[in-house]
Amino acid sequence: METTKKTISDNIEDRNANRLNTPAFESLGGATIDYRTYFELVETYAKAYKEIGVQNGDMVTICSAGTLDTVINFAALNKIGAVVQFVNPNYFKYNSKKYINDTNSKLLICLDRFYPEIKDAIAETNVERILLSSISEYSSTLFKVIARRKKISKSDRIEGVEYIELPDFIKLGERSTIKLERIPYEEGKPSVITYTSGTTGNPKGVVHTNDSINNMIQIYEIANGFGVKEGDRNLVLIPPMYLTSFVHSIYAPMTLGTTNILQPIYNPESLGKELKKYEPVTVIASKAHYLNLAKAKLKKGSLGHTKYAYCGGEAISKATSIRINEILEYYGIPPMVIGYGQTEFGTMTMFNNDIPTRTNESGILIPEVNAKILDLVTGQEVEKGQRGELYIQTPAMMKGYLNNPEADSKFFFVDDNGETWAKTGDIAEVKYQHDGKDVYEVSGRSTDSFIDKNGNVVYLFDIETKVEEISYVDQAEVVALTVDGKKVPVVHVILNDKAKTMAGDVLKVIDATLKKDATNPNAIPYAYKIRDSFSTSPISGKRDYAILRFETDGYLRFNEQGNLEPIEIISEESKEQNDLLRSNITTRR
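Described below are features of the structure shown in this document.

### A short note on the overall build of the protein
In terms of regular secondary structure, the protein is built from 17 helices and 29 strands. The globule rule puts the C-alpha radius of gyration for 589 residues at 25 Å, and the 25 Å found for the protein is close to it. Within the protein, the proportion of its 589 residues that are buried is 55%. By sequence separation, contacts in the protein at least 24 residues apart represent 66% of the contacts at least 6 residues apart.

Right, here's the structure in full:
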């Protein structure tokens, strides 16, 4: 693939040179700007950044929502060569020095509504300037009245930090006499940093370049926009702090000349209302958005204008996919489109849009992407239909992790032929072929498995899927514990409301189902635990899998007579955790 040798911002501008009058954005309340106005705003912002001293190569941090000024801010900073890192406010609150001090970021762009909750975290950093924005920027007059700009009082300001209100910043750019020139192309130049979800640990900074993002844009061109075309209305629900939204909800569609409707207030329960109001052709939403669509109470077939309902970023079972597709079909929307990728790959590497009978398949490889699947035990490439760990090659690959060479060395893999691959850590298989192309299914993380004493791999997500298919179960999580020197699966379940009064009988149904389907006795659960909820990580907001490995009480196990009895599990994992806690207490003393 021939790389586009320019910034992302300049690439988007050049691709829209002949459609400057096409509506580019609709912001809150229906305020609309065309591509000409958008590019003029980008230039104004870029001049303002130059006026306050931002230089080519400087790191700027954005902690904001999916507002129009966020989109413009990135484009303007990218245009002058600055590197932008998008940080989730929840991440920032718990580790602000990582994002500011460790990256030498002197400028923070912050949404006024986020400021109160992260003010104390900001005060711990070396930040020098804060640019304050509001969700009411570029909104209609009515919305400006409803969602007024939040003023930051003097008492709430951090001593020694300069505060700039966005309207004043814009005026600075409008009055500037600086003449902007395009920065020279630099191969491998970092452009944007986003952070992983933290599902497998502390969120890691993923560094993408102008080249990697432009290569994904080029893939869109090769694939004819994956069906999206000029003038299509595109509903943006996910903020650009997540690379899926940054690439696939905003900047890649912009290169096609779409009209992008920004909804910065994240609310999965309002999807039906928004699809009805804005009439988008495309939308990227979460599983929760689509499940909540069942409550929309709209007329059958009333959302047929939406042709592409995309979903990604989380595992979706076949049963859930079928349920969502039934909801979509009722409203006249084609089946949900699922993609697979990671932040490290510029997100998407495969998707199932070309499969008419699609459910939860990860899909077919997109153009220019290669994949292979290696056996977990032997490291050899597996046959089609066999499982193993997925490895990926893509021209949209990240440059590397931010300040984390150890993580780089674990992620990148050089094979015997000298070719570099990315080790996904995910288990996959080629399920079948469609029109002569391999259809992949990614099942779960390789860490969600263990190798039994006979050398067989036990996949915990297989057990979890079977449990969740039982109608009495709302959610399930399976973890592997080491008991008496042996790895065993333990099932944690949340029952639905109807089943909570007959928990013992439901566990018998679950146990009987798993024993009937088991081909490996080591995959039969050692014990069960009924829960009201799962703990979530305060950093990522996602389910905290690790903490389940340290719990010792509240378990139930079937005895030889087939009756349930309460047990305590003192696993090697819980012992190690207790030893660590005791060590930390001793150290503090």
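What follows picks up the thread again.
### Focus on the packing of aromatic side chains
Within the structure shown, the criterion is met by 23 aromatic pairs. Between F92 and Y99 the ring centres are 6.4 Å apart and the planes differ by 15°, which places this aromatic pair in the stacked class. Each member of the pair, F92 as well as Y99, carries the same accessibility label: buried. Both rings, one in Y308 and one in Y310, keep their centres 5.9 Å apart while their planes meet at 5°; by these two values the pair is stacked. The pair Y308 / Y310 is uniform in exposure class, with both members buried. Sitting over the ring of Y555, K529 keeps its end group 5.2 Å from the ring centre.

### Quick notes on the packing of helix α3 (residues 68–79) against helix α10 (residues 243–255)
Close contact between α3 and α10 brings their axes to 13 Å; oriented N to C, the two are set at 70°. Between α3 and α10, the angle falls in the class roughly perpendicular. Considering only the axes of α3 and α10, their crossing is right-handed. The residues of α10 that touch α3, namely those facing T70, V71, F74 and A75, are F246, I250, Y251 and M254. When its residues are assigned to classes, the contact of α3 with α10 shows seven nonpolar, one polar and no charged.

### Focus: the sheet that holds strand β19 (residues 400–401)
The strand order across the open sheet formed by eight strands is β7-β6-β5-β3-β4-β8-β9-β19, and the pairing between neighbours is mixed. Two strands bound the open sheet, and with one partner strand each, they are β7 (162–165) and β19. Pairing analysis gives two bridges linking strand β9 (residues 205–209) to β19, with the strands arranged antiparallel. Counterpart to V206 in the pairing with β19 is Y401.

### Observations concerning unusual backbone geometry
Non-glycine residue T347 carries a positive phi angle of around 75°. Following the sequence through the fold, T347 ends up in strand β15 (residues 347–351). Using a relative accessible area of 5% as the deciding quantity, one classes T347 as buried. Its identity as a non-glycine residue notwithstanding, N403 has a phi of 50°, on the positive side.

Cut-off values and rules
Residues numbered from 1 in each chain as written. Predicted model: local features only at pLDDT ≥ 70, side-chain atom pairs only at ≥ 80, totals over all residues. Heavy atoms only, no water. Helix = DSSP H or I, 4+ residues; strand = E, 2+ residues; numbered from the N terminus. Rg over C-alpha atoms; globule rule 2.2 N^0.38 Å. Buried < 20%, exposed > 50% of the residue type's maximum accessible area, 1.4 Å probe, protein only. Contact = heavy atoms within 4.5 Å. Phe/Tyr/Trp six-rings, centres within 6.5 Å; stacked < 30°, edge-to-face > 60°. Lys NZ or Arg CZ within 6 Å of the ring centre and 35° of its normal. Axes fitted to C-alpha atoms, helices over the stretch in contact; angles between N-to-C directions. Parallel < 35°, antiparallel > 145°, perpendicular 65-115°, else oblique. Left-handed = near helix turned anticlockwise from the far one by under 90°. Nonpolar A, V, L, I, M, F, W, Y, C, P; charged D, E, K, R; others polar. Pairing = 2+ DSSP bridges.

Note that all results are geometric; they support no functional claim without further evidence.
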